[in-house]
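Remarks on the overall topology
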Amino acid sequence: NSGATGKSTNMISSGFLDFTVLSDDTIAFAAMDSQTHIYSQNGDLIRKLTQPTSYLTKIFQDSNDRLLVGTSTGYLHSYDTTSWAHSSAYMGVSKLITYIAEMDANNYFVGTSDGTVLIVDMASLSVAKTLTGASGDIEGAYREFGGQISVMSKIGEVHNIYYFDL
């Protein structure tokens, strides 16, 4: 096993849908085996987070070093990357989570595969607002200066932009 850098991880035989480099330079994979695999830069497995019970679709680390993992069944898992304390919440949708990002200092954007955009409170992981009307996989969201939210979705090879007022 030798990648372009001469380093590689062990094979994740189930496959993975997303990965991110964490603030401590480790690499976290959202895997199809319902586990988050965390590897060092040398390719050594550091830990597996096993709390989810469905395959993982999206992974994101916020500016507070909290690791968020979305599942194929609409759950959002949160990990403190210092203590690895875990919490989770059902987002009220039974679709794949396709997008996670910070909306502002207190909320996340969470997008799903059916075009739903959720505004989720960072502290409680509760859904503060649900935006419907888009279709396809949510791939991006941006809060405009005046309170409008721009959302990008994808169906097949076609991308659409939707605008929502808060």
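Shown above is the structure to which this text applies.
Residues numbered from 1 in each chain as written. Predicted model: local features only at pLDDT ≥ 70, side-chain atom pairs only at ≥ 80, totals over all residues. Heavy atoms only, no water.

1. Description of the pattern of salt bridges
- Tallying each qualifying case throughout the model produces three salt bridges.
- In this structure, the salt-bridge partner of Asp18 is Lys58, at a minimum N-O distance of 3.4 Å. One end of the pair, Asp18, is in strand S1 (residues 16-21); the other, Lys58, is in strand S5 (residues 56-61), with 40 residues separating them in the sequence.
- Under the relative-accessibility criterion, Asp18 is labelled buried at 13%.
- With a shortest N-O distance of 3.1 Å, Asp104 and Arg143 are connected by a salt bridge. (Salt bridge = Lys/Arg side-chain N within 4 Å of Asp/Glu carboxyl O. Helix = DSSP H or I, 4+ residues; strand = E, 2+ residues; numbered from the N terminus. Buried < 20%, exposed > 50% of the residue type's maximum accessible area, 1.4 Å probe, protein only.)

2. Focus on the sheet that holds strand S3 (residues 36-39)
- If you trace the four strands from one edge of the open sheet to the other, you get S1-S2-S3-S4, paired in antiparallel fashion. Taken across any chain shown, the strands that pair with only one partner, and hence form the sheet edges, are S1 and strand S4 (45-49). Averaged over all pairs of adjacent strands, the angle between their axes in this sheet comes to 20°, without regard to strand direction.
- Note that S3 and S4 share four bridges and pair antiparallel. In the strand pairing of S4, Ile38 is matched with Arg47. (Pairing = 2+ DSSP bridges. Axes fitted to C-alpha atoms, helices over the stretch in contact; angles between N-to-C directions.)

3. Re the pairing of strand S8 (residues 86-90)
- Taken together, the five bridges between strand S7 (residues 75-80) and S8 define a ladder with antiparallel strand orientation. Bridge assignment links Tyr75 to a residue of S8, and that residue is Tyr90.
- If you look at the hairpin formed by S7 and S8, you'll find five residues sitting between the two strands, and Trp84 has a positive phi there, around 65°.

4. Things to note about the sheet that holds strand S14 (residues 148-155)
- On the basis of which strands lie adjacent, the open sheet formed by three strands has the order S13-S14-S15 and antiparallel pairing. The open sheet has two edge strands, strand S13 (137-143) and strand S15 (158-165), and neither has a second partner. In this sheet, neighbouring strand axes are inclined to one another by 20° on average, regardless of whether the strands run parallel or antiparallel.
- For S14 and S15, the ladder comprises eight bridges, and the chain directions are antiparallel.

5. Section: the packing of aromatic side chains
- With the rule as written, the count across this model stands at five aromatic pairs.
- Measuring from ring centre to ring centre gives 6.2 Å for Phe16 and Phe19, while their planes differ by 85°; the resulting arrangement is edge-to-face.
- On the accessibility criterion, Phe19 (46% relative accessible area) is partly exposed.
- Judged by centre distance (5.0 Å) and plane angle (45°), the rings of Tyr75 and Tyr90 are tilted. (Phe/Tyr/Trp six-rings, centres within 6.5 Å; stacked < 30°, edge-to-face > 60°.)

6. Focus on a negative patch on the surface
- Residues Asp24, Asp25, Asp65 and Asp80 make up a contiguous surface patch of negative charge.
- Within the secondary structure, Asp65 sits in the loop between S5 and strand S6 (66-71).
- On the basis of relative accessibility, which here comes to 34%, the residue Asp65 falls in the partly exposed class. (Patch = residues over 30% accessible without salt bridge, like charges linked within 9 Å, V, L, I, M, F, W, Y side chains within 5 Å. Areas by Shrake-Rupley, 256 points an atom, 1.4 Å probe, with all protein chains shown as cover. Lys, Arg positive; Asp, Glu negative; His and termini not counted. Charge placed at Lys NZ, Arg CZ, Asp CG, Glu CD.)

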